[in-house]
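Results of the structural survey
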Number of protein chains: 2
Amino acid sequence: MELLETLGKQAKEASSELAILDTYKKNRALNFVADALEFCEEELLESNEMDIQNGKKNGMSEALLDRLTLTKERIKAMADGIRQIVQLEDPIGEVLSMKQRENGLLIGQKRVPLGVVGIIYESRPNVTADAFALCFKAGNAVILRGGKDAIHSNTAIMEVIQGALAECNVNKNSIQLVTDTSHEVANQMMKLNGYIDVLIPRGGAGLIKAVVQNSTVPVIETGTGNCHIYVDEFADLEKAIPIIVNAKTQRLGTCNTCESLVVHEEIANKAIPLIVDALVEKGVEIRGDKRSKEIDVRIQDATEEDYGMEYLDRIISLKVVESLKEAIAHINRYNTGHSEAIITEHYGNAQRFLNEIDAAAVYVNASTRFTDGFEFGFGAEIGISTQKLHARGPMGLLALTSTKYIIYGDGQIRQ
Amino acid sequence: MELLETLGKQAKEASSELAILDTYKKNRALNFVADALEFCEEELLESNEMDIQNGKKNGMSEALLDRLTLTKERIKAMADGIRQIVQLEDPIGEVLSMKQRENGLLIGQKRVPLGVVGIIYESRPNVTADAFALCFKAGNAVILRGGKDAIHSNTAIMEVIQGALAECNVNKNSIQLVTDTSHEVANQMMKLNGYIDVLIPRGGAGLIKAVVQNSTVPVIETGTGNCHIYVDEFADLEKAIPIIVNAKTQRLGTCNTCESLVVHEEIANKAIPLIVDALVEKGVEIRGDKRSKEIDVRIQDATEEDYGMEYLDRIISLKVVESLKEAIAHINRYNTGHSEAIITEHYGNAQRFLNEIDAAAVYVNASTRFTDGFEFGFGAEIGISTQKLHARGPMGLLALTSTKYIIYGDGQIRQ
């Protein structure tokens, strides 16, 4: 606990300095950090090579090795990402509303940083720079705990950032890395109340579950998406098929990828063969219920479990329903509160789906793949919240802020 | 766990009905509930009498017995409280912003209910009706777990409310009470992820700590307030003294009561004797540091612990500081993120205090006692949040809502 308490105290100190740093100084420091990352390219590549060698020794998969790898281009992209964050409007200091009460008190609500943000993430080292820059722009200090696999890369990136901050006379503890990557220390971090104001896990379902289960610090739950597309009886199949193919296959491993189809029985005979044609062509296996299998023999058996799966793979589940009501009930039962879409030309059905589906993002006639901070126009993304508290859906800079009430008085006392 | 899962499932069902109930129907049901509470007065008083008798048998203190007691007047106040909530604007359904993206997608953010709210509270039975009505107005189902001492009163109130809801054809499980008041069941409630969207503890420091420590469901931390008043060297003492007396003594047991004074050394010789005069007259004991004791012999010794205490009693701590900077550092170290005030006529000092103090409500020249949903003009209060996530400060109806993104498309797929 000693290590973490030290990090916590240093972060809190840094956060109180960051809270009152003006936008000019924050942007200057971010530009400095971006330049430094490019300048220290060789150093970063050398450290990354150590992680790569260790990964190969430990039999890491090709896909994971690729995520872990830094290249000159990726370092440049990392630096450019920070420069984009410089361009974003600084959310801090805005007074959201200010009203005078009958007793003359002037009460305003002002946007302020969260304070200290903890981020627990997995193997991609670019998250280190990216998460720091977003938190920093919103005036927060950050404590990062990355994966063991990327420890050399993450440490090198942190050191470059700390060096650049120090040169700008900004508290270098605005970014700190937990270098002990044991589970024990991660668990301690989840209980660092009083030092960490919010914890954001970024990674797979296992990581997120562990953080939600063990953390006493407030958590923003991100991530897992069992996203549905419902093909209504009034669907335009010319829109439905491209949307389904896009939502399932454009990228398999993302949380906004479609994992399950729901089809109205009135359109099933016509729609299902077309859907199966298009998906089979992309190598996708379809697992459906009894009725769907009667329509198309290429459909495999779906079990109850399939409807709850986030496959992140070339598999999709399918269910035929008798009504919009049944579709909504099915989706609200199995979804993870991420992104759900209806394909329909029927006004009332579209509105009802938007109203009754309980999820962060609900679509009419568009691909679920749009649930993303950049696609939503935030210019950045720290993750996608699937909880209802604080922030829901793609989180940009605003999700990294809180508010405080400021009250101007003139001697008022309460009666 | 079975009991709670049943409650959870029923609450979720009710919440999906409530989410789409229009304002007219919600208000009609609330008026019905208010009338029913008055109509069933005798029944409620009888049940309450059982709790009172048990309390007396168990040697409950006068103060606690008073909090537990229902009277005709208090039942009327409870009903009138609900009628006031009817008057409040319904927050649900507002679209906070809607923008068209370059690809034609129309993306809006709509205010929706949280879903199922869990509330764990102590002995005041009026919380049962009050918390239900606020949650209901914002479209949420509520699962209440009150104190053992008030179980008969709470059960009776819940039954009257459920009866009134049923008569209006509203799902009666919009309010449910956990009738098993064991700690074991409370702990299970704190882990009811998937059924409860947010848990709000209302009560003393012990209860709140237990919920924060044990809950895996997202929590809004309410409550404890170690509130400070800083008397700046440029303070107008004609304002300072009444504000200090009001903030300390108007009500001793509330979280926005002032528990600690910080006085600038330049004004200490003049201010401290006046402050002590005024507080001693109200029977308040002052515990100060060495320098303050040299100024006024009526001041007792303060230990380090005193500066961290929320006394909720006729005691206040006092510290003399050399500068505004030291005052801010002291307050940011010991405060609980609730309410802090500066008394000053100096423009720059006022602004700096507002900027640098980290708390839910920061005041210039006014009593900390104003931190309250009614005083802030929200027309209601479900508690005062001392955390930075989701809601900070007094929480009205808005704090009981979330948002979802609604997206109108026309066949868009992601490139």
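This next bit is on the overall build of chain A. Looking only at helices and strands, chain A features 14 helices and 16 strands. Against the 2.2 N^0.38 benchmark of 22 Å for 415 residues, chain A shows a C-alpha radius of gyration of 24 Å, consistent with a compact globule. With the principal axes as the frame, chain A shows a C-alpha extent of 70 × 70 × 35 Å. Within chain A, counting contacts between residues at least 6 apart in sequence, those at least 24 apart form 71% of the total. Total accessible area on chain A stands at roughly 16800 Å², and carbon and sulfur atoms take up 47% of it.

Overlay of chain A on chain B (RMSD 0.0 Å): rotation 180°, translation along the axis 0.0 Å. Taken together, these values place the two copies in the relation of a two-fold axis. Across chain A, the rotation axis passes nearest the C-alpha of His390 of chain A, at a separation of 1.8 Å. When the interface residues of chain A are mapped onto chain B, 100% of them are again interface residues, pointing to one common binding face.

To continue, consider the pattern of salt bridges. Taken as a whole, this structure holds 52 salt bridges over all chains when the rule is applied. Note that Lys388 of chain A and Asp197 of chain B form a salt bridge whose closest N and O atoms lie 3.7 Å from each other. You can see Lys388 of chain A sitting in the loop between strand S14 (383-385) and strand S15 (393-395) and its partner Asp197 of chain B sitting in the loop between helix H8 (183-189) and strand S6 (198-202), one on each of two chains. Notably, a salt bridge pairs Lys290 of chain B with Glu294 of chain B, separated by 3.7 Å at the nearest N-O pair. You can see Lys290 of chain B and its partner Glu294 of chain B sitting in helix H12 (residues 290-295), 4 residues apart, about one turn around the helix.

All names here are of chain B. As a packed pair, helix H5 (residues 72-87) and helix H6 (residues 126-137) sit with axes 10 Å apart at the nearest point and diverge in direction by 10°. Of the possible angle classes, the one that applies to H5 and H6 is roughly parallel. Residues Met78, Ile82, Ile85 and Val86 of H5 lie in contact with H6, whose contacting residues are Asn126, Ala129, Asp130, Ala133, Leu134 and Lys137. Taken together, the residues of the contact of H5 with H6 sort by class into 7 nonpolar, 1 polar and 2 charged.

Residues and elements named next belong to chain B. Spatially, the 4 strands line up as an open sheet ordered S5-S4-S3-S6, and their pairing is parallel. Every interior strand has two partners, whereas the edge strands, strand S5 (175-177) and S6, have only one. Within the sheet, the average angular offset between the axes of one strand and its neighbour, ignoring direction, is 20°. Lying over the sheet, helix H1 (residues 2-18) contacts strand S3 (116-121), strand S4 (141-145) and S5, oriented at roughly 145° with respect to S4.

Now for a negative patch on the surface. There is a patch of like negative charges on the surface, built from Glu42, Glu43, Glu46 and Glu159 of chain A. Mapped onto the elements, Glu42 of chain A comes out in helix H3 (residues 41-57).

The next point concerns the pairing of strand S8 (residues 258-264) of chain A. For a regular strand, side chains alternate in direction, first toward one face of the sheet and then toward the other. All names here are of chain A. Of all the 7 residues making up S8, 7 are buried; the element is thus mostly covered by neighbouring parts of the structure. Sheet topology places strand S7 (residues 227-231) next to S8; 5 bridges connect them, and they run parallel. Across the sheet, residue Cys227 finds its bridge partner in S8, namely Cys258. On the question of chirality, the crossover connecting S7 to the parallel S8 by way of helix H10 (residues 237-249) is right-handed.

The way to describe two aromatic rings as a pair is by their centre distance and the angle between their planes. Considering all chains together, one arrives at 12 aromatic pairs over all chains under this definition. Summarising the aromatic geometry, the rings of Tyr230 of chain A and Phe353 of chain A are spaced 6.3 Å apart at their centres and angled 15° between planes, so their arrangement reads as stacked. Of the two residues, Tyr230 of chain A sits in strand S7 while Phe353 of chain A sits in helix H14 (residues 347-356), which places them 123 residues apart along the sequence. We classify Tyr230 of chain A as buried; its relative accessible area is 0%. An angle of 45° between the planes, with centres 6.3 Å apart, marks the rings of Phe378 of chain A and Tyr405 of chain B as tilted. Of the two residues, Phe378 of chain A is situated in the loop between strand S13 (361-366) and S14 and Tyr405 of chain B in strand S16 (residues 401-412); the pairing between them involves two chains. For Phe378 of chain A, a relative accessible area of 28% corresponds to the partly exposed category. Three or more aromatic residues joined by ring pairs form one cluster here, namely Phe376 and Phe378 of chain A together with Tyr405 of chain B. One Lys or Arg, Lys319 of chain A, reaches over the ring of Tyr307 of chain A and ends 5.9 Å from the middle of that ring.

This next bit is on unusual backbone geometry. The backbone phi angle of His390 of chain A is positive, close to 75°, even though this residue is not glycine. Along the chain, the position of His390 of chain A falls in the loop between S14 and S15.

So, on to the sheet that holds strand S6 (residues 198-202) of chain A. All names here are of chain A. Pairing is parallel in the open sheet, where 4 strands are placed in the order S5-S4-S3-S6. With one partner strand each, in any of the chains shown, strand S5 (175-177) and S6 form the two edges of the open sheet. Direction aside, the axes of adjacent strands within the sheet are offset by 20° on average. Judged from the 5 bridges that link them, strand S3 (residues 116-121) and strand S4 (residues 141-145) form a sheet pairing that is parallel. Paired with Gly118 across the two strands is Ile143, which belongs to S4. In this fold helix H7 (residues 151-167) packs onto S3 and S5, with an angle of close to 155° to the strand it touches most, S5. Helix-sheet contacts for helix H9 (residues 205-214) involve S3 and S6, and the interaxial angle to S6 is about 160°.

We now examine the interface of chain A and chain B. Facing the 69 residues of chain A at the interface are 69 residues of chain B. Contact between chain A and chain B buries roughly 5700 Å² in total, counting both sides, with carbon and sulfur atoms accounting for 53%. The three residues of chain A that bury the most area against chain B are Leu389, Tyr405 and Arg414 of chain A, which together make up 15% of that side's buried surface. There are 8 salt bridges connecting chain A and chain B. The salt bridge partner of Asp410 of chain A is Lys239 of chain B, with a shortest N-O separation of 3.1 Å. Where chain A packs against chain B, one counts 46 residue pairs in polar contact (both at pLDDT 80 or more).

What follows is about the environment of Ser123 of chain A. Residue and element names in this part refer to chain A. On the secondary structure map, Ser123 appears in the loop between S3 and helix H6 (126-137). On a C-alpha basis, the gap between Ser123 and Glu233 in space is 43 Å, while along the polypeptide they are 110 residues apart. If near-sequence neighbours (up to four positions away) are discounted, Ser123 is found in contact with Leu64, Arg67, Leu68 and Ala150.

Here the focus is H14 of chain A. Two residues of an α-helix separated by three or four positions point the same way, owing to the 3.6 residues in each turn. For H14 of chain A, the set of buried residues is Asn349, Ala350, Phe353 and Leu354 of chain A. The arc enclosing the buried residues of H14 of chain A, seen along the axis, measures out at 135°, which places them on a common side. Those residues of H14 of chain A that are buried lie in contact with S7, helix H13 (324-334), strand S12 (339-343) and S13 of chain A together with S16 of chain B.

Criteria and cut-off values
- Residues numbered from 1 in each chain as written.
- Chains lettered and ligands numbered in written order.
- Predicted model: local features only at pLDDT ≥ 70, side-chain atom pairs only at ≥ 80, totals over all residues.
- Heavy atoms only, no water.
- Helix = DSSP H or I, 4+ residues; strand = E, 2+ residues; numbered from the N terminus.
- Rg over C-alpha atoms; globule rule 2.2 N^0.38 Å.
- Contact = heavy atoms within 4.5 Å.
- Areas by Shrake-Rupley, 256 points an atom, 1.4 Å probe, with all protein chains shown as cover.
- Least-squares fit on C-alpha atoms with pLDDT ≥ 70 in both.
- Salt bridge = Lys/Arg side-chain N within 4 Å of Asp/Glu carboxyl O.
- Axes fitted to C-alpha atoms, helices over the stretch in contact; angles between N-to-C directions.
- Parallel < 35°, antiparallel > 145°, perpendicular 65-115°, else oblique.
- Nonpolar A, V, L, I, M, F, W, Y, C, P; charged D, E, K, R; others polar.
- Pairing = 2+ DSSP bridges.
- Patch = residues over 30% accessible without salt bridge, like charges linked within 9 Å, V, L, I, M, F, W, Y side chains within 5 Å.
- Lys, Arg positive; Asp, Glu negative; His and termini not counted.
- Charge placed at Lys NZ, Arg CZ, Asp CG, Glu CD.
- Buried < 20%, exposed > 50% of the residue type's maximum accessible area, 1.4 Å probe, protein only.
- Right-handed = clockwise from strand over helix to strand, strands pointing away.
- Phe/Tyr/Trp six-rings, centres within 6.5 Å; stacked < 30°, edge-to-face > 60°.
- Lys NZ or Arg CZ within 6 Å of the ring centre and 35° of its normal.
- Buried area = accessible area lost by both parts, 1.4 Å probe.
- Polar contact = N/O pair within 3.5 Å; in protein donor to acceptor, adjacent residues only side chain to side chain.
- Arc of directions from axis to C-beta.

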